[in-house]
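Commentary on secondary and tertiary structure
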Amino acid sequence: NTEIYMSGGTISVNSTNGNGGAIRIHSNTNATYKPGKNGGHAVMQMTGGTISGNTAAGGVGGGAIDVAGRLSMSNGKIDGNHASGYYGGAITIRGTGAMTLTGGTISNNDSVKDGGAIYIQAGGNLTMSNATITGNESTGAAGGAILTYGTVTMSSGTISDNTSASGAGAIFVHNTGVLNMSGG
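What you see as residue numbers is a count from 1 along each chain, following the sequence as written. With pLDDT at 70 or above as the cut-off, local features in this predicted model cover only qualifying residues; side-chain atom pairs require 80 or more to be listed or tallied, and sums for whole chains, interfaces and linings still use all residues. Processing note: side-chain calculations cover all non-hydrogen atoms of the structure and skip hydrogens and water entirely.

**A closer look at a nonpolar patch on the surface**
The criterion, for reference: Think of a patch as exposed residues, more than 30% relative accessible area, with no salt bridge, where like charges cluster within 9 Å and nonpolar side chains (Val, Leu, Ile, Met, Phe, Trp, Tyr) cluster within 5 Å. Note on areas: Shrake-Rupley, 1.4 Å probe, and residue coverage restricted to the protein chains presented here. Criterion for a salt bridge: a side-chain nitrogen of Lys or Arg within 4 Å of a carboxyl oxygen of Asp or Glu. Put simply, DSSP marks the helices as runs of H or I at least four residues long and the strands as runs of E at least two long, and each gets a number from the N terminus on. Burial here depends on accessible area, computed with a 1.4 Å probe over protein chains only, as a share of the maximum for the residue type. Under 20% is buried, over 50% is exposed, and the range in between is partly exposed.
On the surface, Val173, Leu179 and Met181 cluster together to form a nonpolar patch covering roughly 250 Å² of accessible area. Mapped onto the elements, leucine 179 comes out in strand S25 (residues 178-181). We classify leucine 179 as partly exposed; its relative accessible area is 33%.

Printed below as a string of structure tokens:
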């Protein structure tokens, strides 16, 4: 199992015609997720640093990061990334990929389709507390901050000043999507 740790530094101005302009977190599609275990999934832990100015021009998207494994972000900044082909200006969560967002800022990212900051496919999960998602834009479709076909669970944090061209400046919950909000 691959593990990536980022506690500082900058990853910037990279591009791909596929998924994940800066980083692609892969998954073993035959693995079963078990809490506390990788289960065959690559894992990234971001506790600091900046990922900025990256572009995914094709594939499913993820201007900065394509998550098919596990991503945990407790601090740092993902800023100014672009999905010019499809979805998720900053992050695309695919398949059974999962992200835990407990701190840091995701800002000023954009996609030409859904999910200015984060796009979540059916089966994917985002758990959010104490983080900020701001200033993101879906320039051609819905979900200025987040568009989900998967599950979003938010217990605290801030989602503000995001924009979408056709629906839900903050969070667009699509037909298979689930949004659980609690706290304040």
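**Observations regarding the pattern of salt bridges**
Once the charged atoms of two side chains with opposite charge are near each other, the side chains can pair. A full pass over the atoms with the stated rule returns two salt bridges. Between aspartate 66 and arginine 24 there is a salt bridge; the shortest N-O distance is 3.3 Å. Of the two residues, aspartate 66 sits in strand S8 (residues 65-67) while arginine 24 sits in strand S4 (residues 23-25), which places them 42 residues apart along the sequence. For aspartate 66, a relative accessible area of 0% puts it in the buried group.

**Some words on unusual backbone geometry**
For valine 13, which is not a glycine, the phi torsion comes out positive at approximately 55°. Secondary-structure assignment places valine 13 in the loop between strand S2 (10-12) and strand S3 (15-16). You can call valine 13 exposed: its relative accessible area is 67%.

Without other data, these values stay purely geometric and don't point to any function.
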